[in-house]
Amino acid sequence: MRRSSRKLRAGVIGTGMGRYHMEGFATHPNSELLAVCDLNVPEAQAFADKYGAKHVFRDYRKMIAMEELDIVAVATPNYLHPKMTIAALKAGKDVLCEKPIAIRLADAEAMVRAAKRRGKRLMINVGMRFDPVHEELRQRVGRGELGKVYYARSHWIRRKGIPFADFPPTGEMARGEWFVKKRQAGGGALIDIGVHLFDLAWWLIGSPRPTSVLASMYSELLPDRLAKVGVRGDVDDLATALVKCATGQTIFLEVSWDAHQLPHLGYELFGTKAGAAWQDWEHKATLYQDTKAGKPTQKVIRPAGKTPSAYWHFVDSCLDRRRKMNASGEELLQVARVLDAIERSQKTGKAISLQGSGRPSAGGCG
Ligand SMILES: NC(=O)c1ccc[n+]([C@@H]2O[C@H](COP(=O)([O-])OP(=O)(O)OC[C@H]3O[C@@H](n4cnc5c(N)ncnc54)[C@H](O)[C@@H]3O)[C@@H](O)[C@H]2O)c1
C-alpha cells in the first residue's frame, strides 16, 4: 500500500462522463473527491457540492498543480486527452483517462512513455471489460475451455445513435458538438464505440499481437442527419475491419452509429472445442458445444456478483502498486495502433501491415 494513513485525493476534469468518475472516487472507502474542473463552472460546482469536493476549477492546469492531489481523471473531448494526461503525469499524479486514449498514435505513445518515465499509473476507461460475464469468458478462454479460439466477431450497430443528432445535448454525456468533428473527436463510430468493441474481443481472446488490418469506413447517413439539426460533421458513421494476429487468430469488427438495420451489440468467439456468444448488455453469455456423441448443445453462463467499478479498480491499483492493473495505457496503445491502421487502410484502400509494432507487457505501466 502506498499510503495507509489517508485517502487518495482525486480531481476530475470534465462533468459529462466525468460524473461517473466522481461518483466512483467519492464512494470508494479509500479515496475522496477533492476537486472538479470544467469550463462550465456552475456545473462543476454542482458536482463538487454533490460529492463534497472542496475545490472547483475552470483551468485544469491549476487543478493538477495542487500538491495534495494524488489522482486525476481526464473525461474531456478526445483531442484534450494527451495534453491533460501528460501534464497530470508530469505533476506526479496517477491518471485514469477516458477512451480513446488519444486521437493520434504518436500522442498515445507519448502518454504511455510519460507514465513509464515517472512510474505512474495510466489506466484507460474501457469499462465494458469490467462486466463479470466478459471476465468469466476471458478466464474460460485462458484455461483452454473453448479450445483454440481462432476467430472473433465483434459488432455494435445502432439505429439512430449519432451523438448530437440523436442524443439530447442536455443529457449526461455526449453533449458536445465536438463528437462529430474529426479534429476534436478523431473519428466517429470507430473511435467512439469501435474502440470498446475491438478492445473487448481482443482482450477476450488473449490480447494477441495484431499483424495486419484491412478496413472500410463510411459516412453515408451522418451528414444529412446532422444537417437536420444544423450541425456539420466530418466523421465516419460505419467502420468495418478484419484484423489478423500473429497467433493466426482473426478479429472481425463492425460498428455503426446509424444504419437501416436491426440494432445489435455483441460478440461471438469461435473455438475448436466450444463457441461463446454475448449480446445486448446482458449479464450472461451462451456457450455452444458438442457432446461426445457429436450432438450440438448450448448452455447459458451467468456469473454471480455485481459489476466491479472500473474507478474502484483504478484506486485499488494506485494504492497497491504491485497489483496488475486492467486496461493499462500500454494495452490501449495496442488498440490505438489497430484503430490507426484501420484509418490508414481506409485512406489507402490497402491492407496495412503492423509487423514489428510492440505488444503490451504483462503488468501494464506504472
Ligand atoms: N467509457 C465510456 O463508456 C464513455 C462514455 C461516454 C463518453 N466517454 C468519453 O468521455 C470523454 C468525454 O465525453 P462526454 O460524453 O462526457 O462529453 P461531453 O461533451 O458531454 O462533456 C465534456 C465535458 O468536458 C468539458 N471540457 C471541454 N474542454 C474542457 C477544458 N479545456 N477544460 C475543462 N473542461 C473541459 C466540457 O465543458 C464538458 O462538460 C470522451 O473522451 C468520450 O469518448 C466514454
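All of these numbers come straight from a predicted model, not from anything done at the bench.

About the thresholds
- Residues numbered from 1 in each chain as written.
- Predicted model: local features only at pLDDT ≥ 70, side-chain atom pairs only at ≥ 80, totals over all residues.
- Heavy atoms only, no water.
- Near = heavy atom within 4 Å.
- Polar contact = N/O pair within 3.5 Å; in protein donor to acceptor, adjacent residues only side chain to side chain.
- Areas by Shrake-Rupley, 256 points an atom, 1.4 Å probe, with all protein chains shown as cover.
- Nonpolar A, V, L, I, M, F, W, Y, C, P; charged D, E, K, R; others polar.
- Pairing = 2+ DSSP bridges.
- Helix = DSSP H or I, 4+ residues; strand = E, 2+ residues; numbered from the N terminus.
- Patch = residues over 30% accessible without salt bridge, like charges linked within 9 Å, V, L, I, M, F, W, Y side chains within 5 Å.
- Salt bridge = Lys/Arg side-chain N within 4 Å of Asp/Glu carboxyl O.
- Lys, Arg positive; Asp, Glu negative; His and termini not counted.
- Charge placed at Lys NZ, Arg CZ, Asp CG, Glu CD.
- Buried < 20%, exposed > 50% of the residue type's maximum accessible area, 1.4 Å probe, protein only.
- Contact = heavy atoms within 4.5 Å.

(A) A look at the site of the ligand. Contacts to the ligand come from 24 residues, most closely from Met-17, Asp-38, Asn-78, Ala-174 and Arg-175. Taking His-196, its side chain carries an N or O atom lying 3.3 Å from an oxygen atom of the ligand. For the ligand, whose free accessible area comes to 850 Å², the fraction covered by protein is 86%. Looking at the shell around the ligand, its residues break down into 11 nonpolar, 9 polar and 4 charged.

(B) Representation of the pairing of strand E7 (residues 149-157) within the structure. The sheet contact formed by E7 and strand E11 (residues 264-271) spans 8 bridges and is antiparallel. Looking across to E11, one finds that Tyr-151 is bridged to Phe-270. Inspection of the sheet shows E7 paired to strand E10 (residues 250-256) by 7 bridges, in the parallel sense. Following the sheet pairing, Ile-157 is matched in E10 by Ser-256.

(C) Representation of a positive patch on the surface in the model. Side chains of Lys-90, Arg-113, Arg-117 and Arg-118 sit close together on the surface and give a patch of like positive charge. Top element by residues in the positive patch is helix H5 (residues 105-118). It accounts for 3 residues. Structurally, Arg-113 is set in helix H5.

(D) Representation of the environment of Gly-186 within the structure. On the secondary structure map, Gly-186 appears in the loop between helix H7 (182-185) and helix H8 (189-204). Judged by relative accessible area, which is 8%, Gly-186 ranks as buried. Measuring from C-alpha to C-alpha, the distance between Gly-186 and Pro-77 comes to 9.8 Å, with 109 residues separating the pair along the chain. In this view, Gly-186 contacts Ile-103, Lys-181, Ile-191 and Glu-343; residues no more than four positions away in its chain are not counted.

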